[in-house]
Amino acid sequence: MLFRSQRGVPSRIRLNGRGLTPVAGIHFSSPEIHGRWLPEVTPGTWIEVEADPGLAPGRHELSVTGPGGESAKIAFYVDDVRQIQRQSGAIYLSRLPAAVWSRHDRPGEPDDCIFEAFAGQTLIFDVNSVSVGGRGNYALALLDANDRVVASNDGFDGSDDPFLAFDVPRTGYYRIRVTEETLQSGEDFTYRLTLGELPFVTGVFPRSVEVGSEGKLEVTGHNLPARLDARVPTVEPAAGLPVERIEHLRRRGALNVAVVPMAAVVEQEPNDSAQQGQPVPFPVEINGRIGSPGDGDFFTFEAHAGQELVVETSAARIGSPLDSRIEILTRDGKPIPQIGRAHV
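A brief report on the enclosed structure follows. Counting from 1, residues in each chain are numbered in the order their sequence is written. The model is predicted, so local features are restricted to residues of pLDDT at least 70 and side-chain atom pairs to those at 80 or more, both for listing and for counting; the totals for chains, interfaces and linings are taken over all residues. With hydrogens and water stripped out, all remaining heavy atoms of the structure feed into the side-chain values.

## Quick word on the sheet that holds strand 13 (residues 122-128)
Between any two strands, at least two bridges found by DSSP are needed for them to pair. Numbered from the N terminus, helices here are DSSP runs of H or I no shorter than four residues, and strands are runs of E no shorter than two. The strand order 9-11-18-13-16 describes an open sheet built from five strands, whose pairing is mixed. Strand pairing shows two members of the sheet lacking a second neighbour, strand 9 (83-85) and strand 16 (163-167), which therefore form its edges. Each strand axis lies, on average, 15 degrees off the axis of its neighbour in the sheet, ignoring direction. Both strand 9 and strand 11 (residues 98-103) contribute to a ladder of three bridges, which runs parallel. Counted as the bridge partner of Gln85 is Trp101 from strand 11. Axes here mean lines fitted to C-alpha atoms, for a helix over just the part in contact, with angles spanning 0 to 180 degrees between N-to-C directions.

Take a look at the structure:
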């Protein structure tokens, strides 16, 4: 059983087990969550839970103390949108945003949610399974009023959990469909589908900054505020620090930025040929982006005979889908032969 609550809204939860009543205490992993026992509600053991409006969405834990002692801790999820339990068949959502919790009970059966969307909206559809204690390999398909698939996804940002961002071209009714691709089902095939015109962060740039610098970052994503002042502290070197001032925004996992004790530069276009190579100091960390298919970034630096230089890229390690390749060229753009290790 997955327990969840919209922050600022009281929720009733039924607990299963022996030796729970009378409930002597309710314990949470955050002091911003409060609860009380409901002895008048039967059958079973019921509690009412409410999270403070300012609590960041995410996973928390709760336990209760009864005649049998303190119970095991169970997961409790706090969100900032209304929570809906899908039972069976297609459901109609009268308004968005919402988080729909489902259990995939029948192999091959799609789970549909029908809703009205309006031209000009950017809607996000985010499926979470493993992160909420479930399992399964899910796919998303968005259908218009004529049952035509207008967008789909079966994995995002290195995860099997799908994600969609869709710019609504015209007002009307749409259907978001969740399927389990391996045709499995069961009690542990649970997931949460969050949908609506919600802010969602997909990345930050650059991914490294220099010690003592301003540490200001560009945030990319959907439905973001016009001015978003995201930073990392740059007092001392660090392999990866969480980005400050975006804690309240939805995203997939942590977005960490390295603080390095060397120059950290951002690539500047045009630098698409050896003749346009961007001069950089050495040593250096370069933050670049491949802007279009076939794009390549060139950089020039000064090296001296006898030096042994290390040149490497970090892409998958920081969550990028880029399959990178490095070439070391002469000043006139000719490749330097390399066999494992190259010397200047």
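## Some thoughts on the sheet that holds strand 19 (residues 200-205)
With mixed pairing, the four strands of this open sheet are ordered in space as 22-21-19-24. One side of each edge strand has no neighbouring strand; the edge strands of this open sheet are strand 22 (230-231) and strand 24 (250-251). Pairing analysis gives five bridges linking strand 19 to strand 21 (residues 216-222), with the strands arranged antiparallel. In the sheet register, Gly203 faces strand 21, and the bridge partner there is Thr220.

## Section: the pattern of salt bridges
Definition used for salt bridges: Asp or Glu carboxyl oxygen within 4 Å of a side-chain nitrogen of Lys or Arg. Scanning the model with the defined rule gives 17 salt bridges in all. A salt bridge links Arg289 to Glu218; the shortest N-O distance between them is 3.2 Å. You can see Arg289 sitting in the loop between strand 28 (284-287) and strand 29 (299-300) and its partner Glu218 sitting in strand 21, a full 71 residues away along the chain. Overall, Glu218 belongs to the partly exposed group, its relative accessible area being 38%. Residues joined in a network through salt bridges with shared partners are Arg7, Asp79, Asp80 and Arg250. Burial classes: relative accessible area under 20% of the type maximum marks a residue as buried, over 50% as exposed, and values in between as partly exposed (1.4 Å probe, protein chains only).

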